[in-house]
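Given next are the chains, with one letter for each unit.
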Amino acid sequence: MYALLLALLAVVLSGVAPRVMARLVSFRRAPRAALVAWQAVSLSAVLAALLAAPAAVPYLGGGPPGWLACSSLDPCDATIWWIENRRWVVLGVAASVSLLVLGRLLLSGHRIGTRLRSARARHRELVDVLAEPGSASQADGIRVLDHATPTAYCLPGRRSRVVLTEGALAALPGDELDAVLAHERAHLRGRHDLLLEYFTVLHHSVPDPVRSPEALREVRLLIEALADRSAVRASGAVATARALLTLARGQAPESSLGAAGDGTTAARMRLLAEDSLPVPTVAVMYLYAVAVVVLPLALVWLAWR
Ligand SMILES: [Zn+2]
């Protein structure tokens, strides 16, 4: 019973909930709480998948049932062995399924993490070589590339970089440039790359029929909306919106976090014009996140009680 509920919960949380949550566009007006809710849902889906099989074990009795009639002609040795040992057989299968889910997650995490980090390291080396030698901001980790297209992005990691083009410096007045820098520094400070990596790993770990691309798109938008809040605090909503428009033509590399130009600009512009969600609504979102994580743990506790 509880094992079935956990299996159902895993499917609902990995297949249905992300599609529903991606349609709740008002969540975007509280991006931090929304990201916590998204993390809670994905963590809970993993927990439910890992715990579903072990939750079935307590429901398997150990001894032979009364209806089993054996005789010298039919000693039913195999049946008795199965009834006496099925708890251990199921436990073995359950452990194997859980290990398989865990192994798939770890392997996916290792592959994606390694690919992203090596792409970033190569890109950082390239940027350091190509950057304008006279750039006064090199000590801040800012690198300026001689390119006419206005582009800004950051390369996260221990030796992080904020990369701007000459086109961006020429097109952005002081307050808009401050907004862009605040946006990129928010990405670096908040390690938004790790958050995005976490969701990318989970996205690639679930089977195709359950996988929801809109979930990953929504998380990416929420991360951008969160960094935009820092930009608004630095320079105001109007300067941030103008900077977004200016940079919308540019393209950031796949392994980086850009300031604009990733297809989310229109939605982010709308968010800049909207108010944040009221505090009680945000509190409900955090409560929802807690409840979603507690649910699979409560179900497995009930199963083993
Ligand atoms: Zn960004």
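Note that the coordinates shown come from a computational prediction; the quantities given were computed from them, not determined experimentally.

Some remarks on the overall build of the protein
Next up, step 1: On a plain count of helices and strands, the protein comes out with 10 helices and 4 strands.
Next up, step 2: At 26 Å, the protein has a C-alpha radius of gyration far larger than the 19 Å of a compact globule built from 305 residues.
Next up, step 3: A principal-axis box enclosing the C-alpha atoms of the protein has dimensions of 95 × 45 × 30 Å.
Next up, step 4: Expressed as a percentage of the 305 residues in the protein, the buried residues total 44%.
Next up, step 5: The contacts in the protein between residues at least 6 apart in sequence include a share of 71% that link residues at least 24 apart.
Next up, step 6: Accessible area for the protein stands at about 15,900 Å²; split by element, carbon and sulfur atoms hold 64% of it.
Next up, step 7: With 31 positive and 24 negative side-chain charges, the protein shows a separation of 3 Å between the mean positions of the two kinds.

Thoughts on the pattern of salt bridges
Next up, step 1: Here the structure, examined in full by the defined rule, presents 9 salt bridges.
Next up, step 2: Salt-bridge contacts for glutamate 214 lead to arginine 19; the nearest nitrogen and oxygen are separated by 3.9 Å. Pair noted here: glutamate 214 is in helix α7 (residues 213–235) and arginine 19 is in helix α1 (residues 2–23), with a separation of 195 residues, a long-range link.
Next up, step 3: Overall, glutamate 214 belongs to the partly exposed group, its relative accessible area being 23%.
Next up, step 4: Assessed through its relative accessible area of 27%, arginine 19 is described here as partly exposed.
Next up, step 5: The salt bridge partner of arginine 120 is aspartate 193, with a shortest N-O separation of 3.7 Å. On the criterion of sequence distance, the pair formed by arginine 120 in helix α3 (residues 77–130) and aspartate 193 in helix α6 (residues 192–205) is long-range, its members being 73 residues apart.
Next up, step 6: Residue arginine 120 is classed as buried on the basis of its relative accessible area of 7%.
Next up, step 7: If you follow the salt bridges from partner to partner, you end up with Arg120, Arg191 and Asp193 in one network.

Observations regarding unusual backbone geometry
Next up, step 1: Its identity as a non-glycine residue notwithstanding, arginine 191 has a phi of 45°, on the positive side.
Next up, step 2: Position of arginine 191 relative to the elements: it lies in the loop between α5 (174–189) and α6.
Next up, step 3: On the accessibility criterion, arginine 191 (32% relative accessible area) is partly exposed.

Focus on the packing of aromatic side chains
Next up, step 1: The full count for this structure, using the stated rule, is 1 aromatic pair.
Next up, step 2: When the centroid spacing of 5.1 Å and the interplanar angle of 75° are considered together, the rings of tyrosine 198 and phenylalanine 199 count as edge-to-face.
Next up, step 3: Judged by relative accessible area, tyrosine 198 falls into the partly exposed class, the value being 28%.

Overview of the pairing of strand β2 (residues 152–155)
Next up, step 1: Residues Ala152 and Cys154 point to one face of β2 and Tyr153 and Leu155 to the other, with burial holding for every one of them.
Next up, step 2: Here β2 pairs with strand β3 (residues 161–165) via 4 bridges, running antiparallel. By the bridge assignment for β3, alanine 152 is matched with leucine 164.
Next up, step 3: Hairpin connection of β2 to β3: 5 residues between the antiparallel strands, including glycine 157 at a positive phi of 135°.

Points about the packing of α6 against α7
Next up, step 1: Packing of α6 against α7 brings their axes to within 10 Å, and their N-to-C directions diverge by 175°. Classified by the angle their axes make, α6 and α7 are roughly antiparallel. On α7, the residues that touch His192, Leu195, Leu196, Phe199, Thr200 and His203 of α6 are Pro213, Leu216, Val219, Arg220, Ile223, Leu226 and Ala227.
Next up, step 2: Along the lines of polarity and charge, the residues of the contact of α6 with α7 split into 9 nonpolar, 3 polar and 1 charged.

Overview of the UniProt feature "transmembrane region" (unreviewed entry) in the protein
Next up, step 1: In the numbering adopted here, UniProt assigns the feature "transmembrane region" (unreviewed entry) to residues 32–53, 89–107 and 277–304.
Next up, step 2: For the annotated span residues 89–107, helix accounts for 100% and strand for 0% of the residues, and the straight-line distance between the end C-alpha atoms is 26 Å.
Next up, step 3: Split by type, residues 277–304 is 93% helix and 0% strand. Its first and last C-alpha atoms lie 40 Å apart.

The rules we used
Residues numbered from 1 in each chain as written. Predicted model: local features only at pLDDT ≥ 70, side-chain atom pairs only at ≥ 80, totals over all residues. Heavy atoms only, no water. Helix = DSSP H or I, 4+ residues; strand = E, 2+ residues; numbered from the N terminus. Rg over C-alpha atoms; globule rule 2.2 N^0.38 Å. Buried < 20%, exposed > 50% of the residue type's maximum accessible area, 1.4 Å probe, protein only. Contact = heavy atoms within 4.5 Å. Areas by Shrake-Rupley, 256 points an atom, 1.4 Å probe, with all protein chains shown as cover. Lys, Arg positive; Asp, Glu negative; His and termini not counted. Charge placed at Lys NZ, Arg CZ, Asp CG, Glu CD. Salt bridge = Lys/Arg side-chain N within 4 Å of Asp/Glu carboxyl O. Phe/Tyr/Trp six-rings, centres within 6.5 Å; stacked < 30°, edge-to-face > 60°. Pairing = 2+ DSSP bridges. Axes fitted to C-alpha atoms, helices over the stretch in contact; angles between N-to-C directions. Parallel < 35°, antiparallel > 145°, perpendicular 65-115°, else oblique. Nonpolar A, V, L, I, M, F, W, Y, C, P; charged D, E, K, R; others polar. UniProt positions renumbered as here; feature names shortened; annotations may be inferred.

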